[in-house]
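# Secondary and tertiary structure notes
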Amino acid sequence: MELHKYFNGYRICKAINVMVRFEVPRRLGNSLESKRSSDDIAKEIGCHAEALYRLMRALASEGIFKEIIDPKTPRLFQHTQMSLDLSDPCFQGELFMHTGTGHYKSMETLPETIMTGKSQCGKAFNEESYWHALAKDKNIENELTIGMSSLSSRQFNEIVQLGNFDQFEIVCDLGGCEGVLMKNILDNCPKVKKGINFDQPHVIKNIMEKQGVISSDPRYSQVGGSFFESVPEADCYTMKWIIHDWNDEKSIQILNTIAKSIKPGGKVYIIDYILSEDDMNSDHYKFIVWLDIFLLHLCEGKERTKKELLEIVSHTPFKVDSYLFPKQKLVLPITVLSLK
Ligand SMILES: C[S@@+](CC[C@H](N)C(=O)[O-])C[C@H]1O[C@@H](n2cnc3c(N)ncnc32)[C@H](O)[C@@H]1O
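Residues numbered from 1 in each chain as written. Predicted model: local features only at pLDDT ≥ 70, side-chain atom pairs only at ≥ 80, totals over all residues. Heavy atoms only, no water.

### Remarks on the sheet that holds strand β2 (residues 66-68)
Pairing between the strands of a sheet is mediated by backbone hydrogen bonds and can be parallel or antiparallel. Judged by pairing direction, the sheet is antiparallel, and its 3 strands sit side by side in the order β1-β3-β2 without closing on themselves. Here the strands that pair on one side only, and so sit at the sheet edges, are β1 (35-37) and β2. Averaged over all pairs of adjacent strands, the angle between strand axes in this sheet comes to 35 degrees, irrespective of strand direction. In this structure, β2 lies alongside strand β3 (residues 76-78), joined through 3 bridges in antiparallel fashion. Within β3, the residue paired with Lys66 across the bridge is Gln78. Along the sheet, helix α4 (residues 38-45) makes contact with β1 and β3, crossing β1 at roughly 70 degrees. (Pairing = 2+ DSSP bridges. Helix = DSSP H or I, 4+ residues; strand = E, 2+ residues; numbered from the N terminus. Axes fitted to C-alpha atoms, helices over the stretch in contact; angles between N-to-C directions. Contact = heavy atoms within 4.5 Å.)

Right under this line is the structure:
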């Protein structure tokens, strides 16, 4: 039955998490031709050989690894494209975010969210919200911060090119997490005089404890605060994957806070996907509508159509100036706002 694939989804998700946690794909080798016995790998890890074999066999039935029947070498596995992809370190932060504790556990209270239309994700952690859970549990926070940087790093080049940031003096990335976008902007835009990475105080503190400042560029600074209260003065505010985290009312509040600090002639860059029904049969559309469900549950967020975004903006001092679309579909477009 085709539905079994979906019933089984949570097991596959956790199995992949375990594989990457124990670095099995990397240990198997670095090419599609690489072969190794799971017993060998188990010895290297120090885990239970029979258990690892059974997990790899189950994943092989899904096309992640290929089991090779070889009388001389029992429990032999070869890479497939999927298992090889899992050995790519660029991809691992993202993988741990999706399959790790925070996102995975949060789904336990999806029925309550669907009942009420309000995010009940906090309940899965006995907390008021996902953000409260994050503030209390560094492991979950690390999953998100590292995951977001990993996911975002594949998009930066094109976003920085699209944004033409050299036209601005002060750029402030709101909810900038580890500061990777701001680092990229400063590395590529010599005319920007100041780049501020802005995030919640506990996020900035945790990042500083973990890795220190991400950029040694003297133009770079980090500021802790809340975009519901006040933001530093700037003439360009970037918000990548921020507005989609919030319901309409909160999104309007964020834009209203920015309006109090933005310099004359300044711009706001909303960097979120734009949902379009014209795309309905594409993988890209599939990705966005699942992200939308996740956001609804996690934080009452939403992936929006152009019309829905325009509706929010109409309740703020801003207007939509233009849309900057990337060449690659999976890269986020920029909706550019300026004061009315
Ligand atoms: C989905 S992540 C996006 C991170 C980053 N912009 C990216 O695209 O990789 C949302 C970020 O918003 C931050 N955030 C949440 N509430 C905030 C608030 N009230 N003020 C400032 N930042 C906040 C979170 O700490 C988190 O780093």
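### Some remarks on the pairing of strand β5 (residues 194-199)
Counted residue by residue, β5 has 5 buried out of 6 residues, so it is predominantly covered. For strand β4 (residues 170-174) and β5, the ladder comprises 5 bridges, and the chain directions are parallel. Bridging from a neighbouring strand, Val171 pairs with Gly195 of β5. Pairing geometry for β5 and strand β6 (residues 220-224), over 5 bridges, is parallel. In the strand pairing of β6, Gly195 is matched with Tyr220. Chirality of the crossover, the property in question, places the unit of β5, helix α14 (residues 201-211) and β6 among those that are right-handed. (Buried < 20%, exposed > 50% of the residue type's maximum accessible area, 1.4 Å probe, protein only. Right-handed = clockwise from strand over helix to strand, strands pointing away.)

### Side note on the UniProt feature "active site" (unreviewed entry) in the protein
Annotation from UniProt places "active site" (unreviewed entry) at His244. If you trace the backbone, His244 turns up in the loop between β7 (234-240) and α15 (248-261). Of the polar contacts made by the side chain of His244, one reaches the side chain of Asp245; its length is 3.3 Å. (UniProt positions renumbered as here; feature names shortened; annotations may be inferred. Polar contact = N/O pair within 3.5 Å; in protein donor to acceptor, adjacent residues only side chain to side chain.)

### With respect to the UniProt feature "domain: O-methyltransferase C-terminal" (unreviewed entry) in the protein
UniProt's entry tags residues 110-318 with the feature "domain: O-methyltransferase C-terminal" (unreviewed entry), counted in the numbering of this structure. The span residues 110-318 shows a helical share of 46% and a strand share of 16%, and its end C-alpha atoms are spaced 34 Å apart.

### Digging into the sheet that holds strand β8 (residues 262-271)
Read across the open sheet, the 7 strands follow the order β6-β5-β4-β7-β8-β10-β9; overall the sheet is mixed. Two strands in the sheet have a free side with no partner beyond their single neighbour: β6 and β9 (318-324). Going from strand to strand, the sheet's axes swing by 25 degrees on average, the running direction of each strand aside. Where β7 meets β8, 6 bridges bridge the pair, whose relative direction is parallel.

### Considerations on a nonpolar patch on the surface
Taken together, Met1, Leu3, Tyr6 and Phe7 make up a surface patch of nonpolar side chains, about 500 Å² in accessible area. Positionally, Met1 belongs in the segment before α1 (4-7). (Patch = residues over 30% accessible without salt bridge, like charges linked within 9 Å, V, L, I, M, F, W, Y side chains within 5 Å. Areas by Shrake-Rupley, 256 points an atom, 1.4 Å probe, with all protein chains shown as cover. Salt bridge = Lys/Arg side-chain N within 4 Å of Asp/Glu carboxyl O.)

### A few points about the environment of Lys14
Position of Lys14 among the secondary structure elements: in helix α2 (residues 9-21). Here the alpha-carbon distance between Lys14 and Gln328, two residues 314 residues apart in the chain, equals 30 Å. Filtering out sequence-adjacent residues up to four positions away, Lys14 remains in contact with Thr99, Gly100, Thr101 and Tyr104.

### A word on unusual backbone geometry
The residue Asn126 is not glycine, and still its phi comes out positive at about 55 degrees. Relative to the assigned elements, Asn126 resides in the loop between α9 (110-116) and α10 (130-136). Looking at Asn126, the relative accessible area reads 73%, which means it is exposed. The backbone phi angle of Trp241 is positive, close to 55 degrees, even though this residue is not glycine. Tracing the chain through its elements places Trp241 in the loop between β7 and α15.

### Thoughts on the site of the ligand
Surrounding the ligand, one finds 18 residues, the nearest of these being Ser152, Gly175, Asp199, Gln200 and Lys240. The separation between a nitrogen atom of the ligand and a polar side-chain atom of Ser226 is 3.1 Å. Contact distances for the ligand include 2.7 Å between an oxygen atom and a side-chain N or O atom of Lys240. Of all the secondary-structure elements, those providing two or more residues to the shell around the ligand are α11 (138-153) and β5. The residue makeup of the shell around the ligand, split by class, is 10 nonpolar, 5 polar and 3 charged. (Near = heavy atom within 4 Å. Nonpolar A, V, L, I, M, F, W, Y, C, P; charged D, E, K, R; others polar.)

### Here we look at the environment of Lys306
Residue placement: Lys306 occurs in helix α17 (residues 306-313). What makes Lys306 partly exposed here is its relative accessible area of 35%. Considering only alpha carbons, one finds Lys306 and Tyr323, 17 residues apart in sequence, at a separation of 9.7 Å. Setting aside residues no more than four positions away along its own chain, Lys306 makes contact with Ile274, Leu275, Tyr323 and Phe325.

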